[in-house]
Amino acid sequence: MIDVLKPDVLAVAKLHPFYQQALESVYTVHDRTHITDPAAFAALAPRIVGVAGTGEASVPRSLLAQVPNAKVVSVFGVGYDGVDVAAAIEHGIPVTHTPDVLTDDVADLAMGLVLSVGRTIPQADQFVRTGQWPNGPIALGRKVSGARLGIVGLGRIGKAIAQRARGFGMSIAYTARTEKTDSGFKFFATPTELAANVDFLVVITPGGAGTKHLINAEVLQALGPRGFLINVARGSVVDEEALIVALQNGTIAGAGLDVFANEPNVPEALWSMRNVVLTPHMASATTETRQAMADLAFANMQAGTSGHPLRTPVPECAAMVK
């Protein structure tokens, strides 16, 4: 039953329970009604005061045009490449996200994948579980300490990954849109140049049209047969078909992947390769961080719908909330 006393918000994706429950304490949450019942949504749309989404959610121009009284788009996640931010600004609807609170977890998983692919930890677990150990030792892995780490995107999370890598005595280099002269790390102007000079290439750049297939066949060729690719960014940043070919042909040594081009559908070719470690887009998936993300997304929703200053607008919308 709809509570007429609670303001209406639209959830454009399946929300995390922590975020869903927080919203329901204050709002009437309409779960993807624009998709499941367009006729009902047409009547509801003028009452929508906020849009709630996830990092993978789609908030196109056409939807924003339907909610004239929406005051905020609150994204549960740091990425927001599915939101048409330019259209949101045109409609006077600021977009928020949840940066910072997930930095540590994503950086932790990135290093976990570096260790996993280098030291073949998942494969070693299966080696023991399937009774292969009595037949002889497992194949040798790749030393991680002292190796060369390259980071594609030296933002908050990229810097946190670098901090962890320094604990392993790794040399660190990076590429980004602009050189960070205060980072203390070696800068390469392109991903290809960076890949040619590292052993582990970690991708942590934002998604979107500007970075689609940034990691392509040329970059993988430069990374070489002893190099490993780690992707904790967005699946779109890596040319997945080119990656599969590179892994099958030995163009690169292996990969650790938390994100994919068509989630949750992962190409079967990747399942069957022993030089690949796969995780289900779980970089921020700890209880502590998901609660912090929900708290921040909810705080942004409340601030936006009540006319108070937003906690964490996306950079493009910072000028809207001064």
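Structural data are supplied above this passage.
Predicted, not measured: the structure shown is a model, and the values here were computed from it.

Asks: Before we move on, can you summarise the layout of surface pockets with the specific residues and values?
Replies: Quantified by volume, the second largest pocket comes out at close to 290 Å³. Forming the boundary of the second largest pocket are 15 residues, of which Arg-234, Gly-235, Ser-236, Phe-260 and Ala-261 lie nearest the centre. Its residues placed into classes, the lining of the second largest pocket shows two nonpolar, eight polar and five charged.

Asks: Residue-level account of the packing of helix 1 (residues 17-24) against helix 13 (residues 287-306), with values.
Replies: Two numbers describe how helix 1 lies on helix 13: the axes approach to 8 Å, and their chain directions differ by 35 degrees. Seen along the crossing, helix 1 lies across helix 13 with a hand that is right-handed. Residues Phe-18, Tyr-19, Ala-22 and Leu-23 of helix 1 pack against Thr-287, Arg-290, Gln-291, Ala-294, Ala-297, Phe-298 and Met-301 of helix 13. Looking at the contact of helix 1 with helix 13 residue by residue, the class counts come to eight nonpolar, two polar and one charged.

Asks: Explain the pairing of strand 4 (residues 73-76) residue by residue, including any values.
Replies: In strand 4, alternate side chains face the same way, and those of Val-73 and Val-75 on one face and Ser-74 and Phe-76 on the other are all buried. Where strand 4 lies against strand 5 (residues 95-96), two bridges are found, and the strand directions are parallel. In the strand pairing of strand 5, Val-73 is matched with Val-95.

Asks: Can you tell me about the pattern of salt bridges, naming the residues and giving the values?
Replies: Any two side chains of opposite charge can pair, given that their charged atoms come close. Overall, the coordinates contain 12 salt bridges when judged by the stated rule. In this structure, Glu-90 and Arg-61 form a salt bridge, with 2.8 Å as the shortest nitrogen-oxygen distance. Placement of Glu-90 in helix 5 (residues 85-90) and of Arg-61 in helix 4 (residues 61-64) is noted, with a sequence separation of 29 residues between them. With a relative accessible area of 36%, Arg-61 lands in the partly exposed category. Across the pair Arg-164 and Asp-108 runs a salt bridge, and its minimum N-O distance is 2.7 Å.

Asks: Which residues make up unusual backbone geometry, and what values go with them?
Replies: Residue Pro-264 is bonded to the preceding Glu-263 through a cis peptide linkage, with omega at 0 degrees. With respect to the secondary-structure elements, Pro-264 resides in the loop between strand 11 (254-257) and helix 12 (268-271). A positive phi angle is found at Asp-100, which is not glycine, with a value near 70 degrees. If you trace the backbone, Asp-100 turns up in the loop between strand 5 and helix 6 (103-119). One non-glycine residue with positive phi stands out, namely His-281, at about 45 degrees. Checked against the element boundaries, His-281 lands in the loop between strand 12 (276-278) and helix 13. Assessed through its relative accessible area of 23%, His-281 is described here as partly exposed.

Asks: An account of the sheet that holds strand 3 (residues 48-54) is requested, with residue identities and associated values reported.
Replies: Taken in spatial order, the five strands line up as 2-1-3-4-5 in an open sheet, and their pairing is parallel. Looking along the sheet, the strands with just one partner apiece sit at the ends: strand 2 (28-31) and strand 5. Strand contacts of helix 13: strand 1 (8-11), strand 3, strand 4 and strand 5, with the helix running at about 180 degrees to strand 4, the strand carrying the most contacts.

Asks: Which residues make up empty space enclosed by the protein, and what values go with them?
Replies: Throughout the structure, instances matching the rule amount to one cavity of 30 Å³ or more. Within this model, the largest cavity holds a volume of roughly 30 Å³. Around the largest cavity, the lining residues are Asn-231, Gly-235, Val-238, Glu-240, Leu-243, Leu-257 and Val-259.

Asks: Tell me about helix 11 (residues 240-249), and name the residues and values.
Replies: Taken together, the buried positions of helix 11 are occupied by Glu-240, Ala-242, Leu-243, Ile-244, Ala-246 and Leu-247. Buried residues along helix 11 sit against helix 10 (217-223), strand 10 (228-231), strand 11, helix 12 and strand 12. Positive phi shows up at Gly-250, right after helix 11, with a value of about 75 degrees.

Asks: How would you summarise the side chain of Thr-175 if you had to cite specific residues and measurements?
Replies: In this structure, Thr-175 sits in strand 7 (residues 171-175). Taking relative accessible area as the criterion, Thr-175 reaches 4% and is therefore assigned buried. For Thr-175, the side chain forms a polar contact with the main-chain oxygen of Phe-188, separated by 2.8 Å. The residues contacting Thr-175, other than those within four sequence positions of it, are Ile-151, Val-152, Gly-153, Leu-154, Phe-187, Phe-188, Ala-189, Thr-190, Pro-191 and Leu-194.

Asks: An account of helix 6 is needed here, citing residue identities and associated values.
Replies: If you check helix 6, its first and last C-alpha atoms are 24 Å apart, about what 17 residues at 1.5 Å a residue would give, namely 24 Å. Counting buried positions along helix 6 yields 12 of 17 residues, so the element is predominantly enclosed. Regarding helix 6, the residues found buried are Thr-103, Asp-105, Val-106, Ala-107, Leu-109, Ala-110, Met-111, Leu-113, Val-114, Ser-116, Val-117 and Gly-118.

Asks: I'd like a description of the packing of helix 6 against helix 7 (residues 121-129), backed by residues and values.
Replies: Where helix 6 contacts helix 7, the axes come no closer than 6 Å and their chain directions differ by 55 degrees. What the angle tells us is that helix 6 and helix 7 run oblique. Mapping the contact onto sequence places Leu-115, Ser-116 and Arg-119 in helix 6 and Ile-121, Pro-122 and Gln-123 in helix 7. Residue composition of the contact of helix 6 with helix 7, grouped by class: three nonpolar, two polar and one charged.

Conventions and cut-offs
Residues numbered from 1 in each chain as written. Predicted model: local features only at pLDDT ≥ 70, side-chain atom pairs only at ≥ 80, totals over all residues. Heavy atoms only, no water. 1 Å grid on protein atoms, 1.4 Å probe; cavity = no way out; pocket = protein on both sides within 12 Å on 5 of 7 lines; lining within 4 Å. Points joined across faces, edges and corners; volume = space filled by probe spheres on them. Nonpolar A, V, L, I, M, F, W, Y, C, P; charged D, E, K, R; others polar. Axes fitted to C-alpha atoms, helices over the stretch in contact; angles between N-to-C directions. Helix = DSSP H or I, 4+ residues; strand = E, 2+ residues; numbered from the N terminus. Left-handed = near helix turned anticlockwise from the far one by under 90°. Contact = heavy atoms within 4.5 Å. Buried < 20%, exposed > 50% of the residue type's maximum accessible area, 1.4 Å probe, protein only. Pairing = 2+ DSSP bridges. Salt bridge = Lys/Arg side-chain N within 4 Å of Asp/Glu carboxyl O. Polar contact = N/O pair within 3.5 Å; in protein donor to acceptor, adjacent residues only side chain to side chain. Expected span 1.5 Å × (residues − 1). Parallel < 35°, antiparallel > 145°, perpendicular 65-115°, else oblique.

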